[in-house]
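So you can see what is in the structure, the chains are spelled out below.
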Amino acid sequence: RDLGDITLMPHVGEPKFEFGTTDDPDSGYRSRISHSTEKAEAGYYSVYLEDPKIQAEVTASYRCGYHRYTFDNPTQQHIMLDFNYWNGNATRNAKFRVVDERTIEGVRVVNGWAPQREIYFYAVFSEPFSEVVAKIDDKEMGAVSEGEGRKVTLAAKFNKPAKEITVKVGISSVSTEGAKLNYNTEIAGKSFNKVRREAMAEWDKELTKIKIEASEKEKRIFYTSLYHSLLAPIIFSDVDGNYRGMDGKIHNSGNEPHYTLFSFWDTFRAAHPLYTIIEPERNESFVRSIIEKWKQLGMLPMWELHCNDTRCMIGYHAASVIVDAYMKGYRNFDHEEAMKAMIATAERDEFGIKYVKELGYIPADKEGSSVSKAVEYAYDDWCIALMAKAMGKEDIYNRYITRAQYYKNYYDPTDAFLKGRYSNGKFTNDVFSATTIYHSHYVEGNAWHYAFFAPQDVEGHIELIGGDDKYIARLDEM
C-alpha cells in the first residue's frame, strides 16, 4: 500500500474533505463501486464510481499518471487532492501552490516503512477550475493560492460544466521543476488514449519476450504472472537523470535510469534469475543502480524503497543478485566496486553478523530470527566466494567459502532440523517447534521450510542427513 501518494478523487456536490468511514461512507468523499465495472489491462485501469456517477480511468507513462473522469451529471464538479490519505505512511508535511487556473504543484513528505520519502508533483487539468479550496490541519481555509501543513486536502472546483476532465500528474523525488520536466517530456500535448496505447505497447514489448502455446485461460494466467514479475524494480530518476539518493542528496544517473524498489529477500530466488534470461541488459542496469546505492548508504540495501533502506527482512541478498549476473556473463558494471560493497556489507556488526564472525553462529538468546538470518548469510557468503574465485581473489574466496558452511552449525543430528543455539552452544530444544509459523528463530516460515535451506551446498546437505534415500524420505515427510 506504499506509494499512491498523490491521491485524486473526482466528485460532485459540496466538497467533503474527509475520506469517510466504512460504517458511514457518505460522511466523506469515498464512493461505492461494483467490481463488475472494473477493467484492468497492462497500463490501464477503470472503474465506475457509483455515488458521484463518474467513470474513472487511469493510465501512465514512466514518470507520470494520467486520469480521465467522465461525469454522468456534470454539476458542482470538483476533484479532490488528498495529501493526507493513509497509504501506510504518515504525512510529515505537505505543500502546494496554485500555478494558474489549470495547474497545481507541490510536495508530500511522508514517513512510514521508508523513513522519509519526498514526492513532488505537477498536476495539469484539462479544464480551468474556478477556485481551489482547502482544509489544512483541520481548518477549512476557503479559496487558496498556496498552503502548507501536516494534514492537507484540496478541492479544485469547476463552475463551467464539463462532461470530461483529465488530469496529468508528473512526479519527482527531486523537485516540482523535475515533476514539471517529466510532465513536459512524457505526456504534455498527448491525449489519454495515446498515452494508454504507448503504455500498452511498452508492456507488449516486454510480455512477448516469452511466447507459449496454451489455452486462452492458461495464457491469461501465464502473462498475468509475467506482468506481475515485471512490476518492479521501477525507474526512480527524472528524465534529466536527477534523483534523491540513499543519503538524501541529489544525484544524477547520467544516460540511464536509476532504479528503485529492490525487495531482495522476495526476488533473489527467482525474479532476478528470470531477468538474466529475459531482461539481461536491464538487470545489469539494476546492478549498477545497486552499486550506486552502496556508495550512498555504506552498505548494500536490504529492502530498498524510493532510495530508503527499510531494513526489512534478512540477509544481504543484493550479493546474490550481483553474483548471479556476473557468473552468467553479464558483467557491465564495476566488478571491484561490487566486491567492495559485498564485503563491506558482510563484515558489518549489525543484524547478528558480529556473532557469525566471532562464533560461527548467531546465538538465539542474542538475536531474533537467528536461524533464518544465519543460514541465509551462509548462502550470500557462498555467492561472494564464487565471484571472488572467478576474479582470482583467493584470500576472499577462502574466507567466505568457509562461512558458507556455517549452516551446518545449526544442524541437530537427533532430528535433522536446523535450529537455534544458545550462547553456551546448546540447541534450543526447550522452545523448539518444527511447525510453528513465525517462530522467533525463523522468518516467514518454520523449521521444516528452513530444514532444507542450503542451496549453496545441496550435495553436502544430502550427505549430512544420511544420503539420497534418507533425504528423499525427509522431503516426503515434509
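Quantities reported herein were computed from a predicted structural model and do not represent experimental measurements. (Residues numbered from 1 in each chain as written. Predicted model: local features only at pLDDT ≥ 70, side-chain atom pairs only at ≥ 80, totals over all residues. Heavy atoms only, no water.)

A.B. asks: Run through the overall build of the chain, naming residues and quoting values.
C.D. replies: A count of helical and extended segments in the chain gives 14 helices and 22 strands. Taken over the C-alpha atoms alone, the chain extends approximately 80 × 50 × 50 Å along its principal axes. In the chain, buried positions account for 53% of the 478 residues. Within the chain, contacts between residues at least 6 apart in sequence are counted, and of these 62% link residues at least 24 apart. For the chain, the accessible surface area stands at approximately 21,700 Å², while carbon and sulfur atoms represent 50% of it. (Helix = DSSP H or I, 4+ residues; strand = E, 2+ residues; numbered from the N terminus. Buried < 20%, exposed > 50% of the residue type's maximum accessible area, 1.4 Å probe, protein only. Contact = heavy atoms within 4.5 Å. Areas by Shrake-Rupley, 256 points an atom, 1.4 Å probe, with all protein chains shown as cover.)

A.B. asks: Could you give an account of the environment of S27, naming the residues involved and the relevant values?
C.D. replies: For S27, the location among the structural elements is in the loop between strand 1 (7-12) and strand 2 (39-41). For S27, a relative accessible area of 36% gives the class partly exposed. Between the C-alpha atoms of S27 and F17, which are 10 residues apart in sequence, the distance is 9.6 Å. Filtering out sequence-adjacent residues up to four positions away, S27 remains in contact with K16, G20 and T21.

A.B. asks: Let's hear about the packing of aromatic side chains: which residues, and what values?
C.D. replies: One pass over the structure, following the stated rule, counts 25 aromatic pairs. Aromatic side chains F452 and Y471 sit 5.7 Å apart centroid to centroid with 90° between the ring planes, which places their arrangement in the edge-to-face category. With F452 in the loop between helix 12 (447-450) and helix 13 (458-465) and Y471 in helix 14 (residues 468-477), this residue pair connects regions lying 19 residues apart in the sequence. Three or more aromatic residues link up through ring pairs in this structure, and these residues are F268, Y379, W382, Y442, Y450 and F453. Positioned above the aromatic ring of Y397, the side-chain terminus of K389 is 4.5 Å from the ring centre. (Phe/Tyr/Trp six-rings, centres within 6.5 Å; stacked < 30°, edge-to-face > 60°. Lys NZ or Arg CZ within 6 Å of the ring centre and 35° of its normal.)

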